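# An overview of the molecular structure
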Amino acid sequence: MQLQKQERFSNAMLVRLIFPLVIEQALAILVGMCDGVMVSSVGEAAISGVSLVDMINNVVLTLFAGLATGGAVVTSQFLGARQAQSARQSAAQVVLMAALAGLAAMALCLVLAEPMMRLFFGSIDDDVMEMGLIYFRITALSFPFIALYNAGAALFRSQGNSKISMRVSFLMNLINVGGNALCIYGLKMGVAGVAVPTLVSRAVAAVVILRLAMNPEWEICVTWGNLRHIQGKMMHSILRIGIPSAFENSLFQLGRVVVVSMIALFGTTQTSANAVANNLDSLGVIIGQAMGLAMVTVVGQCVGAGDNDQAVYYIKKLMLWVYIAQGISNGIVILLSRQLVGLYSSLSPETATLARTLVLIHTSCAIVLWPASFVLPNALRASNDVKFTMCVSIGSMLIWRVGSSWLLCVVMEMGAVGVWIAMIIDWVCRTAFFVTRTVSGKWKTKYIPG
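### Some remarks on the overall build of the protein
When helices and strands are counted, the protein shows 17 helices and 0 strands. Computed over C-alpha atoms, the radius of gyration of the protein comes to 21 Å, within 12% of the 22 Å expected from 2.2 N^0.38 for 450 residues, which places it in the range of a compact globule. Along the longest, intermediate and shortest principal axes, the C-alpha atoms of the protein span 60 × 45 × 35 Å. When burial is assessed residue by residue, the protein has 59% of its 450 residues classed as buried. By sequence separation, contacts in the protein at least 24 residues apart represent 84% of the contacts at least 6 residues apart. With an accessible surface of roughly 17,800 Å², the protein has 67% of that area assigned to carbon and sulfur atoms. For the protein, the centre of its 29 positive side-chain charges and the centre of its 20 negative side-chain charges are spaced 14 Å apart.

This is the structure in structure tokens:
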């Protein structure tokens, strides 16, 4: 009872943190669905090309997210330790690293767009390749902006202010959806019609959130003085967490690219069904993704304050909440799966049937396995236990998701269904390791103050 009286985060505070994150995640996922529905009107080649490029783009975006996570963890720990000046310095370094990483990724992808597509998806049809390259080159221009937006959003979340990132996300997605409708249906721009609004919306979001982050009224204020100089010690602290997280998440997404390239061997029908199922499956994990972001802030501040007992308390509480939410949300997706697949009007009956099968595989297993696989490791990362999560995630991806996908999809010729079964096996492995690590308490020794 004493612990509850001294709670760092009341239930009301947690709801104020989590609810805007849920809205933000929902907006991103629903806009992704809208993109898919709109581009499907151009044809199955278009939706296949866009989905394949998005797999590559996700590798880059998770790199940015990993760096932002590293910054959020360090900043949250400084806030928990009541070191405001250090928190502001770390915030500026996160923004600086995001800008550099975004520019480097943009240049690399613009130069190597076609070789990368040939490397991963060389067997796809020519029309799918053409559509994909148009989309890839335009969206690559947006990488510096989305990197800066991610950095700004992470900094606001680290101080428990998720309303800012939600509002900017709403603006970004509103521009994106409106632009898609105009460019696809009005201007008949085809695949470019879904890429150009993405570029514009991300540029606007980056400018807005950085402008807000420079407001001196915030507890964490990004200043030009801190931005002008690379602070080696501070950057090292951020990269010590950010690099393993970025490497882990990027390699995870790269593994997904590899398994999708296996699916591409079976033709456009399987590729399109996989793309639609990926869009719809995201609906069931909206709250889980929001909880994962909240876990970084909550546990990071508890660890920074040297209060491991409260860290354990909030890990248990947030995991209970996410399991309840996951059960409800995935249950709804299961009940409405036929209607949701039906939103993609241009799909053939064979593609629609396969897409629904994949959705049911994901949602039925996500209720039990997804929270421990993807939310729980964020608690470990928030305590600096990043090497363990990196090793488990990479090892499980290579051995189970990629290895089992090759066996089930290619050797046994199960196609996309084989890949999704391999995904569930990967989840089982991740769950076993992350739950065991959390219960053991070894993560409590990883935080070094200052």
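What follows continues from the structure just given.
### Section: helix α12 (residues 286-304)
Its 19 residues place the ends of α12 28 Å apart at the C-alpha level, agreeing with the 27 Å of an ideal helix rising 1.5 Å per residue. Most of α12 sits inside the fold, with 16 of its 19 residues counted as buried.

### Considerations on the side chain of E24
Of note, E24 is situated in helix α2 (residues 11-40). The class for E24 is buried, based on a relative accessible area of 6%. Within the local environment of E24, its side chain forms a polar contact with the side chain of S165, the two groups lying 2.9 Å apart. Discounting residues that sit within four places of it in the chain, E24 has contacts with Y149, A153, R157, S165, M166 and S169.

### Observations concerning a nonpolar patch on the surface
On the surface, L398, I399, W400, W406, L407, V411, M412, M414, I421 and I425 cluster together into a nonpolar patch covering about 910 Å² of accessible area. Only α16 (386-411) and α17 (416-440) provide two or more residues apiece to the nonpolar patch. Overall, I399 belongs to the exposed group, its relative accessible area being 55%.

### Side note on the layout of surface pockets
Roughly 320 Å³ of internal volume is contained in the largest pocket. Lining the largest pocket are 17 residues, and of these M13, Q159, G160, E219 and Q301 sit closest to its centre. When contributions to the lining of the largest pocket are tallied by element, the ones reaching two or more residues are α2, α3 (44-80) and α7 (162-186). At 3 residues, α2 tops the list of elements feeding residues into the lining of the largest pocket. When its residues are assigned to classes, the lining of the largest pocket shows 6 nonpolar, 6 polar and 5 charged.

### Structural notes on the nonpolar core
Within soluble globular proteins, side chains that are nonpolar tend to cluster in buried spots. Formed by 147 residues in total, the largest nonpolar core has its most connected members in F64, M117, F121 and L280. For this core, the element with the most residues is α3, which contributes 19 residues. Not counting the four nearest positions on each side in its chain, M117 is found in contact with V53, I56, G122, I124, M129, G132, L133 and F136.

### Topic: the packing of aromatic side chains
Enumeration over the complete set of coordinates arrives at 6 aromatic pairs. Judged by centre distance (5.8 Å) and plane angle (90°), the ring pair of F9 and Y314 falls under edge-to-face. On the criterion of sequence distance, the pair formed by F9 in the loop between α1 (2-5) and α2 and Y314 in helix α13 (residues 308-335) is long-range, its members being 305 residues apart. When sorted by exposure, F9 lands in the same class as Y314, which is buried. Plain terms: the ring middles of Y313 and Y314 are 5.0 Å apart, the flat faces sit at 70° to each other, and that makes the pair edge-to-face. In terms of burial, Y313 and Y314 fall into one category: buried.

### Here we look at a negative patch on the surface
Taken together, D125, D126, D127 and E130 make up a surface patch of like negative charges. What makes D126 exposed here is its relative accessible area of 64%.

### Observations concerning the packing of helix α6 (residues 143-158) against α7
Helices that pack against each other are described as a pair by the angle of their axes relative to one another and the distance between those axes. Closest axis-to-axis distance for the α6/α7 pair is 7 Å, and the angle between their directions is 150°. Between α6 and α7, the angle is such that the two are roughly antiparallel. On α7, the residues that touch Y149, A153, F156 and R157 of α6 are S162, I164, S165, V168, S169 and M172. Taken together, the residues that form the contact of α6 with α7 break down as 6 nonpolar, 3 polar and 1 charged.

About the criteria used
- Per-chain numbering applies: the sequence of each chain, read as written, is numbered from 1 onward.
- This being a predicted model, a pLDDT of at least 70 is required before a residue's local features are given, and a value of 80 or more before pairs of side-chain atoms are given or counted; all residues contribute to the totals for chains, interfaces and linings.
- Values reported for side chains reflect all heavy atoms of the structure, with hydrogen atoms and water molecules removed beforehand.
- Note on conventions: DSSP H or I runs of at least 4 residues are helices, E runs of at least 2 residues are strands, and numbering of each starts at the N terminus.
- Put simply, the radius of gyration uses C-alpha atoms, and a globule should come to 2.2 Å times the residue count raised to 0.38.
- Burial here depends on accessible area, computed with a 1.4 Å probe over protein chains only, as a share of the maximum for the residue type. Under 20% is buried, over 50% is exposed, and the range in between is partly exposed.
- Contacts between residues were defined by any pair of non-hydrogen atoms, one from each residue, lying within 4.5 Å.
- Surface accessibility in these figures is a Shrake-Rupley result with a 1.4 Å probe; residues are shielded only by whichever protein chains are displayed.
- Neither His nor the chain ends is counted toward charge; the positive residues are Lys and Arg and the negative residues Asp and Glu.
- For charged residues, the charge sits on one atom: NZ in Lys, CZ in Arg, CG in Asp, CD in Glu.
- What a helix should span is 1.5 Å times the count of its residues minus one.
- A 3.5 Å cut-off defines polar contacts: any pair of N or O atoms within that distance qualifies, except that in protein one atom must be a possible hydrogen donor and the other a possible acceptor, and neighbouring residues in sequence count only when both atoms are side-chain atoms.
- Only residues above 30% relative accessible area that lack a salt bridge enter a patch, with like-charged residues linked at up to 9 Å and the nonpolar side chains Val, Leu, Ile, Met, Phe, Trp and Tyr linked at up to 5 Å.
- The working definition used for a salt bridge is a side-chain nitrogen of Lys or Arg within 4 Å of a carboxyl oxygen of Asp or Glu.
- A pocket, in this scheme, is an open set of points on a 1 Å grid over the protein atoms alone with protein on both sides within 12 Å along at least 5 of 7 lines, while a cavity is a set where a 1.4 Å probe fits but cannot get out; residues line either one if an atom lies within 4 Å of a point.
- Grid points are joined across faces, edges and corners, and a volume is the space filled by probe spheres set on the points.
- Residues are grouped as follows: Ala, Val, Leu, Ile, Met, Phe, Trp, Tyr, Cys and Pro are nonpolar; Asp, Glu, Lys and Arg are charged; every other residue, Gly included, is polar.
- Nonpolar core, defined: a set of buried Ala, Val, Leu, Ile, Met, Phe, Trp, Tyr and Cys residues in which side-chain atoms within 4.5 Å join the residues together.
- Note on aromatic contacts: the rings of Phe and Tyr and the six-membered ring of Trp form a pair at centre separations within 6.5 Å, being stacked when their planes are under 30 degrees apart, edge-to-face when over 60 apart, and tilted otherwise.
- Lines fitted to the C-alpha atoms define the axes, with helices restricted to the stretch that makes contact. Angles between their N-to-C directions range from 0 to 180 degrees.
- Here the word oblique covers every angle except those under 35 degrees (roughly parallel), over 145 (roughly antiparallel) and from 65 to 115 (roughly perpendicular).

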